[in-house]
Amino acid sequence: MKNDYVSDIHKKDKLILHPYEDLKDRGSYDRKLIVKSDNIYLYDEDGKRYIDGPGGMWCNNIGHGNKEMAETIKNQVEKMDYCSPFSESNETSAELASVLSELSPGDLNTVFFTPDGSSANETALRFVMLYNNILGRPKKKHIISRDRAYHGSTYLTASITGKDREENNFDFEKNFIHHLGSPNPYRKKDDQTVEDFCDEKVKEFENKILEIGSDKVAAYIAEPVLASGGCIVPPKNYIKRFWDVCKKYDVLYISDEVVTAFGRLGHFFCSEDEFEIIPDIITTAKGITSGYIPLGAVLISDKLIAQISKDSSMLFHGFTYSGHPVSCAAALKNIEIMKRDKILEHVREIAPYFYQKLNKLYEIPIVGDVRGIGLMAGIECVIDKNSKNPLILDKAIASRIDEESLKLGLIIRPIYHICVLSPALIIQKNQIDELVDKLFQAISNATTQLEIEGLWSK
Ligand SMILES: Cc1ncc(COP(=O)(O)O)c(C=O)c1O
């Protein structure tokens, strides 16, 4: 692209307060501009190609630049671009509600559409409060979440989020929100088996409910796999056992499938298909449209709805873009493409190859853990493999790896000392080879740099 044009865009870009931006650095550097996207790739203003390792933000499931999707969005805009969800409805949102109720487990047949994942989780939490108020249990309001969870950027969803760094200078609701330890088996005690570690987590949950009082605990919310917490896959049966505890104490189970639904784990929803639970509420977003257009959804159990639908009670909650016809048309097309092109089957088939290749990273001395499920993976970097101490020095190692990856044409998502990957689900074996080769090189380069700077040695 022409230099003058690019400088002009960079100048204008500095007017934006970007998400997760360090205020002191604001406007002091030019962000990379992404000007083109195709398949699993993004291209910058110089025409340089990058593998989009995080698939946008865990959302680009069918791949970039899908022409059918573009056509669908265009057609829907031309036919009917928007109508108020408060007073009217539209064909695409009704059709999508029906498809979602078919794809989701159990009796989760009531669909509330939201603009994104944060508003889906906020809606789920508000619904739980409404539910208990209508049932005459105004004290049953406490929510249990986990360290390292991420549930959104509204006041309430940020409060249930469990990432320390996100506490920086913001205020949080603490009175009725509680966090359990994260279920990362890599971080279990050395003398513990994974089964003992799992028992400990279940006990911690049960004790927390008893400590607060089960008459006060309204819901437990959890991502099946903690995504931006570092791609943490809990031990086998952990999810099912938490669900059992919820049922025992009449605590609602909210499964945050904002990342894990729509193929990331090889299923439309993974709560039942992978983890054998039927939550009371599922929230989703991101991959529902493969990120082409924003959309979120909350799926609520018929049982809950029936319990509170007896007396007149207005639902004073809704968004301008609830069930936006263009977003819903994109979601329908997305699901159609996934089914027709057997994308879920492809994920299940190719995932073992992904991990087989990623396991090569263990050859690098700072790589302590390579983990994941489906097409979401985390690579945790440590000072040494025995102590497992996180490699956080002058800055977290993942930022250094990120810088090295970019030079090699790979975008990763650096989180603390963990590199996270969630490429488009259409990724092929040769593209996995290319991705892992670049990542291997980037981690090796970052390690060499640390040695040269005297910050780390074998
Ligand atoms: C598990 C999970 N829940 C909720 C959210 C919030 O979604 P959004 O950014 O669309 O508001 C995210 C975003 O990354 C997420 O990963």
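Position numbers for residues start from 1 in each chain and track the written sequence from start to end. Residues qualify for local features only when their pLDDT is at least 70, as the model is predicted, and side-chain atom pairs are given and counted only at 80 or more; totals for whole chains, interfaces and linings, by contrast, use all residues.

Attention now goes to the nonpolar core. With 117 residues, the main nonpolar core has Ala219, Tyr220, Leu252, Ala297 and Val298 as its most contacted residues. Among the elements that take part in this core, helix H11 (residues 325-340) stands out by supplying 8 residues, more than any other. The domain boundaries here were taken from an automatic or database domain assignment. Of the residues that make up this core, three or more belong to each of domain 1 (32-62 + 342-452) and domain 2 (68-340). It is the C-beta atoms, placed from the backbone, that decide contacts: two residues are in contact if theirs lie within 7 Å. Leaving out residues up to four positions away in the same chain, Leu252 has contacts with Val128, Ala218, Ala219, Cys246, Asp280 and Ile281. Under the definition applied here, buried Ala, Val, Leu, Ile, Met, Phe, Trp, Tyr and Cys residues are grouped into a nonpolar core through C-beta atoms within 7 Å. To assign burial, the other C-beta atoms lying within 10 Å of each residue's own C-beta are counted, with C-beta atoms placed from the backbone; 20 or more indicates buried, 12 or fewer indicates exposed, and intermediate counts indicate partly exposed. Helical segments are the DSSP runs of H or I of at least four residues, strand segments are the runs of E of at least two, and each set is numbered from the N terminus.

Moving on, we come to the domain arrangement of the protein chain. Domain boundaries assigned for the protein chain yield domain 1 (32-62 + 342-452) and domain 2 (68-340). Between the C-alpha centres of domain 1 and domain 2 the distance comes to 26 Å. Those elements that place two or more of their residues in the side of domain 1 that touches domain 2 are helix H2 (55-58), helix H12 (343-358), strand S11 (367-373), strand S12 (376-381) and strand S15 (418-421). In terms of residue count, H12 provides more of the side of domain 1 that touches domain 2 than any other element does, 5 residues in total. Each residue receives one of three labels: charged for Asp, Glu, Lys and Arg, nonpolar for Ala, Val, Leu, Ile, Met, Phe, Trp, Tyr, Cys and Pro, and polar for the others, Gly being one of them. Partitioned by chemical class, the residues of the side of domain 1 that touches domain 2 number 16 nonpolar, 7 polar and 4 charged.

Before going further, it helps to spend a moment on helix H3 (residues 67-79). A turn of α-helix holds 3.6 residues, and therefore any two residues three or four places apart point the same way. Between its first and last C-alpha, H3 extends 18 Å over 13 residues, near the 18 Å set by a 1.5 Å rise per residue. Along H3, the residues classified as buried are Met69, Thr72 and Gln76. Each buried residue of H3 lies within a common arc of 60° when the element is viewed along its axis, so the set occupies one face. Facing away from the buried side of H3, by more than 90 degrees, are the exposed residues Lys67, Glu71, Lys74, Asn75 and Glu78. Looking at the buried residues of H3, the elements they touch are helix H4 (91-103) and H11. Multiplying 1.5 Å by the residue count of a helix minus one yields the expected span of that helix. What the arc describes is the spread of directions from the helix axis to the C-beta atoms.

Turning next to the sheet that holds S15. Between any two strands, pairing holds if DSSP finds at least two bridges. Here we have 4 strands laid out as an open sheet, ordered S11-S12-S15-S14, and antiparallel in their pairing. Two strands bound the open sheet, and with one partner strand each, they are S11 and strand S14 (413-415). Going from strand to strand, the sheet's axes swing by 20° on average, the running direction of each strand aside. As judged from the 3 bridges shared by S14 and S15, these two strands associate in the antiparallel manner. Bridging from a neighbouring strand, Ile415 pairs with Ile418 of S15. Relative to S14, helix H13 (residues 397-408) is tilted by about 165°, and along the sheet it contacts S12, S14 and S15. Think of each axis as a best-fit line through the C-alpha atoms, taken over the contacting stretch in the case of a helix, with angles from 0 to 180 degrees between the N-to-C directions.

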